[in-house]
Amino acid sequence: MGRWEDGIKSALGTEPQLIRNAGYPAERHHARTADGYVLQMHRIRAGGRAKGARDTKAKRAVLLVHGLFGCSSNFVIMGPDRSLGYILADAGYDVWLGNLRGNLHTTHRNLTRDNPKFWDYSFHEHGKYDVPALIDEVLSVTGLPRLLYIGHSMGTTSFFAAMSLRPEYNKKVLAAVALAPAVYLDNMKPLAEMLIKRIELSKLMRSHGIISASLQPELQDLVISSLCSSKDLRNNICVQLLQDIAGEDYEQTDPEVMMELMSRLQPASWRQLEHFGKIALTSVFTSWGDGVNGMPRPYNLTSVRVPVLLLYGENDRLTEKSQVMRLAEELQGTGMLEAVRPGCTWPKFNHVDFIFAKDLGTLLNRPLLKHIDRLFKKYSAP
């Protein structure tokens, strides 16, 4: 095993240790997909630090799924008073943190990560294989008939693809909460045209033997120490780049958290980026089909038969409010829109604030807990 895979192997224990260091019980589980990927999951049992809450909602499971370049740590990295994983556990929910193929918590039965075939996927495969496998693992272990699904960004893209491609899984989901849903991306068309059409970034990288959108650990550490370490946010290149893409919000950005975020940045496939680019270029929530230049083949959003709560950031430049409202209109038409609203009242709330804002607990997650309680009460069988 090479140094790259050694690094991956050693990284697998970091999220459970992070959870235990915060004073919570952590379990590791594995979901296996039909096409050979093994997806590590991290579980925080109901009750968390509040032992008295253990029996009140222990039979209510919540699956949280990360976005692009993310992993399960996205929902615990900000600590017990701010991160959604801990807040849900303290409230008595059985919390499951999923990992989608490609990040450092995933492997394959037959393929190594230096095999180009390992990276031959987009969120289409997340929807067809990964989300169903994650759901099945939670329900198999808990014995429950349904769970509540919470996704951030690509975690929502994968959910909507899953319900379209595998409609039988609607019956296994009580309701869904979509944080910064990435379904329509018209506002990203200029960026997609530059990177995919003009520069042909992914094609260029593949031609140089770079088979995934990732950095070797040593190079990643060098980049972080060189570009991301400044405490002055306006001189921190990583902060500047992220805010240019996601939306400016210096007030809710912590430079120390930025260092942690960059150190945990996960690999992705070039096809994931190309697939999002195709959505932006075509203005269609389309499958990959024949590639970027192939005919759009829309996912069937009428197949989504679970109530969906959509939350957007007022200053989100990636999943812009107008694009979320377009999705809301479609779900309204099928009767599956539970509600659409801003994630919070902070006008600068951006795409990454949903998981890394300084005041994440008070701005988003504690109010969100009330909505989750209401969803379970409304849709759980008597």
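Residues numbered from 1 in each chain as written. Predicted model: local features only at pLDDT ≥ 70, side-chain atom pairs only at ≥ 80, totals over all residues. Heavy atoms only, no water.

As annotated in an unreviewed UniProt entry, the chain is Partial AB-hydrolase lipase domain-containing protein from Iphiclides podalirius. The chain has a UniProt comment under Sequence similarities (unreviewed entry) that states "Belongs to the AB hydrolase superfamily. Lipase family." (UniProt positions renumbered as here; feature names shortened; annotations may be inferred.)

A. Layout of the pattern of salt bridges. Going through the model one piece at a time under the given rule, you end up with 16 salt bridges. Note that aspartate 130 and arginine 101 form a salt bridge whose closest N and O atoms lie 2.7 Å from each other. Of this pair, aspartate 130 sits in helix α4 (residues 123-142) while arginine 101 sits in the loop between β4 (94-98) and β5 (106-108), and the two are 29 residues apart along the sequence. Relative accessible area serves as the criterion here: at 0%, aspartate 130 is assigned to the buried category. Judged by relative accessible area, arginine 101 falls into the buried class, the value being 3%. (Salt bridge = Lys/Arg side-chain N within 4 Å of Asp/Glu carboxyl O. Helix = DSSP H or I, 4+ residues; strand = E, 2+ residues; numbered from the N terminus. Buried < 20%, exposed > 50% of the residue type's maximum accessible area, 1.4 Å probe, protein only.)

B. How the structure looks around the pairing of strand β8 (residues 308-312). Among the five residues in β8, five count as buried, and that is most of the element. Burial along β8 is two-sided: the residues Val308, Leu310 and Tyr312 and Leu309 and Leu311 are all buried. Note: strand β7 (residues 173-179) against β8, four bridges, orientation parallel. Its bridge partner being in β8, alanine 176 is matched across the sheet by valine 308. Alignment of β8 against strand β9 (residues 337-342), held across five bridges, turns out to be parallel. Residue pairing for β9: valine 308 is matched across the bridge by leucine 337. (Pairing = 2+ DSSP bridges.)

C. Looking closely at the packing of aromatic side chains. Evaluated as defined, the whole model comprises eleven aromatic pairs. Pairing tyrosine 37 with tyrosine 121 gives two aromatic rings, centres 6.3 Å apart and planes at 70°, and the pair type is edge-to-face. Placement of tyrosine 37 in strand β2 (residues 37-44) and of tyrosine 121 in the loop between β5 and α4 is noted, with a sequence separation of 84 residues between them. Assigned by exposure class, tyrosine 37 and tyrosine 121 land together as buried. Centre to centre, the rings of phenylalanine 285 and tyrosine 299 are 4.7 Å apart; their planes meet at 50°, and the pair counts as tilted. Taken as a pair, phenylalanine 285 in the loop between α11 (270-282) and β8 and tyrosine 299 in the loop between α11 and β8 lie far apart in primary sequence, 14 residues in all. Take tyrosine 299: its relative accessible area is 7%, and that puts it in the buried class. An aromatic cluster of at least three residues, connected via ring pairs, comprises Tyr37, Phe118, Trp119 and Tyr121. (Phe/Tyr/Trp six-rings, centres within 6.5 Å; stacked < 30°, edge-to-face > 60°.)

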